[in-house]
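What follows is each chain in one-letter form.
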Amino acid sequence: MKPLAIVTGVGPGTGAAIVRRFHAGGYQVAMLARSAGRLEALAGELPDAFALPCDVSDPAALQAALDAAEARAGAPKVAVHNAVGGAFANFLDIDPAVLERNFQVNVMALMHLGRWAAPRMEKAGGGALIVTGNTSAERGRANFAGFAPTKAAQRILAESMARTMGPRGVHLAYLVIDAAIDLEWQRKNNPDKPDDYFCRPVDIAEEVWHIAHQARSAWSFRSEVRPYAEVW
């Protein structure tokens, strides 16, 4: 049986690119996202990818989707938490409920995913759980009050999980994407930017693949990607 990769947050950009990369690498891929139509369309292109529509902020729905993935394809070898909740406003203007909602997607869903996947990976002899993050995990800009706190908590949670599971043979890693990802809405927001300004989803997916398959003697926890032309 082909190994199983689970990917949350399968949107049209990074999530779909990660699914395609692992599918091309010989994995069955369980795809989790709220959009059933998008997942079914992608599953129609990729024979070993299957749709599990759910809202990862709902613990019961997430648990049911994960159990369904295991029933179909066995214990996971890789899990990628790519689902993200975001909002942009300062702390005076944003509805506190938005911050709470984003915390459920970015942090609590990772907690539930990890508690489900890590023991199964350990029992099966190893695996990798990778979180896609960004620079909001490391700084708090004024208009990121509903987002950055959740990404910072996500990074710290992932590090705590790594310290627990690393010695048990399960690789936890946090990938910081310091870039504008090449998506339609980013292009519209940055109409004057050259192609070199954007980070391509297919290249992010390649780095996720690389991290998931690092040799045990050289595991990384925090990795970072950005376009070569970006001025630091």
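The preceding data block contains the structure.
It should be emphasised that the depicted structure is a prediction, and the values quoted were computed from it without experimental measurement.

**Description of the packing of helix α4 (residues 96–124) against helix α5 (residues 148–165)**
Angle between the axes and distance between the axes: these two values describe a pair of packed helices. Direction vectors running N to C along α4 and α5 enclose 15°, while the axes themselves pass 9 Å from each other. In terms of orientation, α4 and α5 fall into the roughly parallel class. Where α4 crosses over α5, the two elements pack in a sense that is right-handed. Contacts between α4 and α5 involve L99, N102, F103, N106, V107, L110, M111, G114, A118 and E122 on the former and, on the latter, P149, T150, K151, A153, Q154, L157, A158, M161 and M165. When grouped by side-chain class, the residues that make up the contact of α4 with α5 number twelve nonpolar, five polar and two charged.

**Side note on the packing of aromatic side chains**
Taken as a whole and judged by the stated rule, the model has seven aromatic pairs. With a centroid separation of 5.2 Å and an interplanar angle of 80°, the aromatic rings of F22 and Y27 are classed as edge-to-face. One exposure class covers both F22 and Y27, and it is buried. Centre to centre, the rings of Y27 and W209 are 5.8 Å apart; their planes meet at 85°, and the pair counts as edge-to-face. Of this pair, Y27 sits in the loop between α1 (14–24) and β2 (28–33) while W209 sits in helix α7 (residues 201–212), placing them 182 residues apart in sequence. Linked through ring pairs, F22, Y27 and W209 together constitute an aromatic cluster. Above the plane of the ring of W209 lies R21, whose end atom (NZ or CZ) is 4.1 Å from the centre.

**Observations regarding the pairing of strand β6 (residues 170–177)**
The side chains of a regular strand alternate, first on one face of the sheet and then on the other. Of all eight residues making up β6, eight are buried, and the element is well covered by its neighbours. Of the two faces of β6, both are covered, the one formed by V170, L172, Y174 and V176 as well as the one formed by H171, A173, L175 and I177. The sheet contact formed by strand β5 (residues 127–134) and β6 spans eight bridges and is parallel. Bridge pairing links G133 to V176 in β6. Examined bridge by bridge, β6 and strand β9 (residues 222–225) share four bridges and lie parallel to one another. Paired with Y174 across the bridge in β9 is R222.

**Remarks on the nonpolar core**
The nonpolar side chains of a soluble globular protein tend to be buried with one another. Counting residues in hydrophobic clusters, the biggest one holds 36 residues, and the most contacted among them are I6, A30 and L32. Elements with a minimum of two residues in this core: β1 (4–8), β2, β3 (49–53), α3 (59–73), α4, β5, α5 and β6. The biggest single contributor to this core is α4, with nine residues. When residues no more than four places from it in sequence are discounted, the contact partners of A30 are L4, A5, I6, V7, F50, L52 and A69. In this structure, V7, A16, V19 and A33 belong to the second largest nonpolar core, which totals 34 residues.

Thresholds, definitions, all that
- Residues numbered from 1 in each chain as written.
- Predicted model: local features only at pLDDT ≥ 70, side-chain atom pairs only at ≥ 80, totals over all residues.
- Heavy atoms only, no water.
- Axes fitted to C-alpha atoms, helices over the stretch in contact; angles between N-to-C directions.
- Helix = DSSP H or I, 4+ residues; strand = E, 2+ residues; numbered from the N terminus.
- Parallel < 35°, antiparallel > 145°, perpendicular 65-115°, else oblique.
- Left-handed = near helix turned anticlockwise from the far one by under 90°.
- Contact = heavy atoms within 4.5 Å.
- Nonpolar A, V, L, I, M, F, W, Y, C, P; charged D, E, K, R; others polar.
- Phe/Tyr/Trp six-rings, centres within 6.5 Å; stacked < 30°, edge-to-face > 60°.
- Buried < 20%, exposed > 50% of the residue type's maximum accessible area, 1.4 Å probe, protein only.
- Lys NZ or Arg CZ within 6 Å of the ring centre and 35° of its normal.
- Pairing = 2+ DSSP bridges.
- Core = buried A, V, L, I, M, F, W, Y, C linked by side-chain atoms within 4.5 Å.

Read these as layout, nothing more, since geometry by itself doesn't imply function.
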